[in-house]
Amino acid sequence: MTVNLEVADGVGTIRLDRPPMNALDIATQDRLRELAEEVTRRDDVRAVVVWGGEKVFAAGADIKEMQAMDHTAMVARGKALQDSFTAVARIPKPVVAAVTGYALGGGCELALCADFRIAADNAKLGQPEILLGLIPGAGGTQRLARLVGPSKAKDLIFTGRHVKAEEALAIGLVDRVVPAAEVYEQAHAWAARLAAGPALALRAAKESVDTGLETDIDTGLAVERNWFAGLFATEDREIGMRSFVEEGPGKAKFR
């Protein structure tokens, strides 16, 4: 398999494994979607890490495979390509990308699907599709602009340049930069911390933020309001509030 899933301590690691550069061919894209749907269903997975291994996250699409495709073929494939990445973005649980080495093109777009990005100090990110006479096709024009703003997104997309870890941190493309040897460890620790939290409240928070970014504020507020009230029917809310009253903040142990 070009993508594998390992589960430990409530954290599911979706591991890209297509040496040497984790090029995202069609089989890998489809496998990503399958595993995203699997971790969505599984109750023993409460948070997710997306990782490409110690050397590289993903250097982009499989260009040789794409070169053989004409317009008709890509019209037929384009939605499935986007759906694979959207399945990762819509995992209703916290997702962190552990980015080592290159995260270019589709690799950068995959990292954009996470809620949080921890990058190695040697990481390089970018959307170089323009150098192929193309534009990003797996969500890059949309998710990148929402994350870093339209002007910075256009800079990266128009030029196709690579961004080193320090600049990626400065513009908000990644959230933390750590030594390369610590990337997965810190990503797993972040995910494990959230895996111990209230699952439904985390799902509500993620859906409320993501939906709000895609719609008008009144609709976003309605989504937030409905989730907020709905959580009053959950055991997690009972545990959290009882612990706060009896023991003080931050000591609740959720089931």
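We now turn to the structure provided with this report. Note that the coordinates shown come from a computational prediction; the quantities given were computed from them, not determined experimentally. (Residues numbered from 1 in each chain as written. Predicted model: local features only at pLDDT ≥ 70, side-chain atom pairs only at ≥ 80, totals over all residues. Heavy atoms only, no water.)

A separate point is the overall build of the protein. Regarding its fold elements, the protein presents 11 helices and nine strands. Its C-alpha atoms give the protein principal-axis dimensions of about 60 × 40 × 35 Å. Taken over 255 residues, the protein has a buried fraction of 44%. Of the contacts formed within the protein by residues at least 6 apart in sequence, a portion of 69% connects residues at least 24 apart. Within the protein, one finds 31 positive and 36 negative side-chain charges whose respective centroids are separated by 1 Å. (Helix = DSSP H or I, 4+ residues; strand = E, 2+ residues; numbered from the N terminus. Buried < 20%, exposed > 50% of the residue type's maximum accessible area, 1.4 Å probe, protein only. Contact = heavy atoms within 4.5 Å. Lys, Arg positive; Asp, Glu negative; His and termini not counted. Charge placed at Lys NZ, Arg CZ, Asp CG, Glu CD.)

Here we take up unusual backbone geometry. Of note, the bond from Pro19 into Pro20 is cis; its omega dihedral lies within 30 degrees of zero at 5°. Relative to the assigned elements, Pro20 resides in the loop between strand S2 (11-16) and helix H1 (26-41). Of note in the backbone geometry, Asp9 takes a positive phi value of approximately 55° without being a glycine. Along the polypeptide, Asp9 turns up in the loop between strand S1 (3-8) and S2. Positive phi is not limited to glycine here, since Asn22 has a value of about 55°. Of note, Asn22 is situated in the loop between S2 and H1. Residue classification places Asn22 among the buried residues on the basis of a relative accessible area of 5%.

Here we come to the pattern of salt bridges. Using the criterion set out here, one finds 14 salt bridges in the structure. The shortest N-O distance in the salt bridge between Asp175 and Arg117 comes to 4.0 Å. Taken as a pair, Asp175 in the loop between helix H7 (165-171) and strand S9 (176-178) and Arg117 in strand S6 (residues 116-120) lie far apart in primary sequence, 58 residues in all. In this structure Asp175 comes out as partly exposed when scored by relative accessible area, which is 33%. The buried category is assigned to Arg117, whose relative accessible area is 3%. (Salt bridge = Lys/Arg side-chain N within 4 Å of Asp/Glu carboxyl O.)

Moving on to helix H9 (residues 199-213). For H9, which comprises 15 residues, the first-to-last C-alpha distance of 21 Å matches the rise-based estimate of 21 Å (1.5 Å per residue) to within 8%. Buried within H9 are the following residues: Ala204, Lys206 and Ser208. Those residues of H9 that are buried lie in contact with helix H3 (71-89), strand S4 (95-99) and helix H10 (217-230). (Expected span 1.5 Å × (residues − 1).)

The strand order across the open sheet built from three strands is S5-S7-S8, with neighbouring strands paired in mixed fashion. Two strands bound the open sheet, and with one partner strand each, they are strand S5 (102-104) and strand S8 (162-164). Strand-to-strand, the axes of this sheet are offset by a mean angle of 20°, without reference to chain direction. Sheet topology note: the S5/strand S7 (residues 124-126) ladder contains three bridges and is parallel. Paired with Leu104 across the two strands is Gly126, which belongs to S7. (Pairing = 2+ DSSP bridges. Axes fitted to C-alpha atoms, helices over the stretch in contact; angles between N-to-C directions.)

In this structure the tally under the stated criterion is three aromatic pairs. An angle of 75° between the planes, with centres 5.5 Å apart, marks the rings of Phe228 and Phe232 as edge-to-face. Judged by its relative accessible area of 56%, Phe228 falls in the exposed class. Taking relative accessible area as the criterion, Phe232 reaches 38% and is therefore assigned partly exposed. Across the ring face of Trp51, the terminal group of Arg15 is positioned such that the distance to the ring centre comes to 5.0 Å. (Phe/Tyr/Trp six-rings, centres within 6.5 Å; stacked < 30°, edge-to-face > 60°. Lys NZ or Arg CZ within 6 Å of the ring centre and 35° of its normal.)

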